[in-house]
Amino acid sequence: MSRTSQAAQAEVISPTKRILHTSQSDVIQLGRRIGIGAEGEVYEIQDRLDLVAKIYHEPPSPEKAEKLVVLARLGNERLFNLSAWPVDVLRDMPDGPVVGFVMKKIGQAEEVHALHSPKSRLQKFPEASWAFLIYVAANIARAVAVIHEHGLVIGDLNPKNILVTRKATIYLLDVDSFQVSVDGKIYRCDGGFPEYTPPELQGVAFRKVDRTQEHDCFGLAVVIFQLLFMGRHPFSGRFLGQGEMPLERAIRESRFAYGVDAEARKMRQPPGTLALDSMPSWLVKMFRRAFLATDRPQAREWTEPLDALANKLKKCVLHSGHYYYQELRKCPWCGIESHARVRLFNFMIPGISSQREHFRLDAIWKEIEAVRAPSAPLKLRDNMLPAAEPSEDVEDFVRDRRNRFIISLWFSALGGLLISLFINFPLALIFLIAVGTAACFIGKSGHATTMQLFSQLGKLGSDDPFLERLHTRHRESVKAVTQIQQQYDREAGIDRWGVKRDELRNLKETYEKLSQIREFKLKQLATKDQFDKFLERFKINHPDIDGIGADSIADLLTHGVETAADITEERLGQIPGLNESRSKRLLHWRQELEQKFVFDPGKQVDPQPRIAIEKEVDMLRIQLEQELCGGPHYLQRIKQEVETDRQKLEPALQKARRELGQAEKDLEIASKPNSLAIILAVLIIAFMIGSLIGPGRQSSNQPGPPPPVN
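Residues numbered from 1 in each chain as written. Predicted model: local features only at pLDDT ≥ 70, side-chain atom pairs only at ≥ 80, totals over all residues. Heavy atoms only, no water.

**Q** Where do I start with helix α20 (residues 580-594) in this structure?
**A** Each α-helix turn comprises 3.6 residues. Residues three or four places apart therefore point the same way. Taking 1.5 Å per residue, 15 residues should reach 21 Å; α20 reaches 21 Å between its end C-alpha atoms and fits that length. Those residues of α20 lying buried are Ser 583, Leu 586, Leu 587, Trp 589, Arg 590 and Leu 593. Along the axis of α20, the buried positions cluster into a sector of 155°, meaning they face one direction only. Every exposed residue of α20 that faces more than 90 degrees away from the buried side is listed here: Glu 580 and Lys 584. Taken together, the buried residues of α20 touch α17 (514-536), α18 (550-558) and α19 (569-573). The backbone nitrogen of Ser 581 lies 3.3 Å from a side-chain oxygen of the residue at the head of α20, namely Asn 579. (Helix = DSSP H or I, 4+ residues; strand = E, 2+ residues; numbered from the N terminus. Expected span 1.5 Å × (residues − 1). Buried < 20%, exposed > 50% of the residue type's maximum accessible area, 1.4 Å probe, protein only. Arc of directions from axis to C-beta. Contact = heavy atoms within 4.5 Å. Polar contact = N/O pair within 3.5 Å; in protein donor to acceptor, adjacent residues only side chain to side chain.)

**Q** Explain the sheet that holds strand β3 (residues 40-45) to me, please; I cannot follow it from the model alone.
**A** Hydrogen bonds between backbone atoms are what pair the strands of a sheet, whose relative direction is either parallel or antiparallel. Strand order in the closed barrel formed by 6 strands is β1-β2-β3-β4-β6-β5, with antiparallel pairing between adjacent strands. Here the average twist between neighbouring strands, direction ignored, is 45°. Here 5 bridges tie strand β5 (residues 86-91) to strand β6 (residues 98-104), and the two strands are oriented antiparallel to one another. In the strand pairing of β6, Leu 90 is matched with Gly 100. (Pairing = 2+ DSSP bridges. Axes fitted to C-alpha atoms, helices over the stretch in contact; angles between N-to-C directions.)

**Q** Would you mind going over the environment of Gly 690 with me for this structure?
**A** Inspection of the secondary structure assignment puts Gly 690 in helix α23 (residues 676-701). Contact partners of Gly 690, with chain neighbours within four places excluded, come to Leu 417, Ser 420 and Leu 421.

**Q** Looking at this structure, I do not really get the side chain of Asp 618. What am I missing?
**A** By the secondary structure assignment, Asp 618 is in helix α21 (residues 607-629). At a separation of 2.8 Å, a polar atom in the side chain of Asp 618 contacts the side chain of Arg 343. Within the structure, Asp 618 has its side chain in polar contact with the backbone nitrogen of Phe 347 (distance 3.2 Å).

**Q** I keep staring at the sheet that holds strand β8 (residues 162-164) and nothing clicks. Help me out?
**A** One open sheet holds the 3 strands; their spatial order is β7-β8-β9, and the pairing between them is antiparallel. Every interior strand has two partners, whereas the edge strands, β7 (110-111) and β9 (170-172), have only one. Note that β7 and β8 share 2 bridges and pair antiparallel. For Glu 111, the partnering residue across the bridge sits in β8 and is Leu 163. Against the sheet, helix α5 (residues 130-149) makes contact with β8 and β9, and its axis sits at roughly 40° relative to β9, the strand it touches most.

Bear in mind that shape data such as this cannot, by itself, settle questions of function.
Shown next, in the form of structure tokens:
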């Protein structure tokens, strides 16, 4: 894992209170931890943005502590600028043991082996072309040359101890493991990787040997070779002899796997790799010196040839990201990508690639997840309508209706009584109906003048105009609430935010599947390419086609239908004179051929359509990166818009709901009619009372029968 990756994944802790002291008795306080490695942890230093502190897990040995003091004393600006050189040592107490050291802060860099793998290179260095790799190799050689000019030996020179930025700037790490010779004492380098160890040191215990700059030159040559040959090790290839050939043994026996004479060493370079003669002759000679001779090129010797190669590159006519040595007749990267079915370099898209920063999907997605959803909207539609008192005009209407109800009761009582006293049947029945009708009309009317009452006598069932206005007001209130509620749900709800979040999640999943998408499209292309070429082998005058006359074949040829690949329903339908029967025979012949097709995954695809697919996938990648990078901003903006719309719409919605509540309250109260049954009951009761009283009064007023005559 790279130092920057470790820093990104390191646990972020609160600033520690640990106080340390430099050799100059300066006091420093550690900040948060930003990285962790095998030997120790790296911390920020409070109030010093340009420096960091490396603290060992275990206190270093006395010799290691003495070595750190020596390194700090030898440090200068050149060493500080190209390596993690100790600026000063750190102690728990002014005179206490060494627990770590201070070094210059290095940011936005990756271990150089990230440039080896196509996957990591395309992700972490999306704009890296072969020219960029050459610049990095030259800068590594310059950095090693500076170390050697100071009389030092790196010892453990390997890609994990080298950081590179997107500007091809180089930083050397693990300086505390360098071999240093001061005042006749040698502080050795105890570590090393066999892959970067010269033949003469293979199997040797490093702590028992004094290394030389000549040993560094071998490791440097391997590092440069791997950069220029896409991570391939110069001694890793196919062994043509008997048994296995481990890498350490191949190095020890100088079995360089590249070059025209590699088979003489019983080695063959791996398939799908760059040939050694794809380099200029002067670089070929330097690699052969480094891996086949004892007179290895010194670090400074690499810089001029590598700079010369970088200046003699040309761009591929098919792929804007392919650069190669200008003396070659064709682009070697196109052939390697076709053979290995792997993507080595991205397309260079003007105006886009030059402005993109390093895209880290995990970091971007954490930023997206950090944007909280808007709070839940007010559920006004689920709330009970606010309590409301009837409006003033409705109170007048109810008061008038109550008064008329009282009047109608008196009218019914008086009318029924008078009819029973003064009108006999059957005329009394007619008067009862008339009085009852009039009383009901008086009691039913709400907001009408006397003239309106008389004008509505013939329309007893008509609605009151005032109630009609209340119904209209209620309908308008319902409509207003519905419209504002819909607008509120659309603009102030969390649906918009959720839709955008789901869209970003889909974009993330698509980005994670870009390699599968690319493979699928390339396989589709390869299948179609082989399928079309297979059908093109069969001419339409093939003897297997039965029932197709010479005239029909001539018509087909005239219209450009020459092989089975040209036979489709659409094209056959455009040929005049070709009847349905012959069309079916031709289509059936093609179908029989299709069943014989077998896909060969080993065949290569023509470069132009393959590169078109690569460019299409690359454009999709760039589009996804741009949209995902803007994801946190989009989500935050939608959230702010939702909150703004809520502030604007909630008062309007609450007002509309209050108006609806008022309208419903008014309509509820105004719609309660006077009871006509009571009015009619009073009329009948009054009539019955009058009828009981009436006969007695009539009998007392009438003269009695005449007395009998004697």
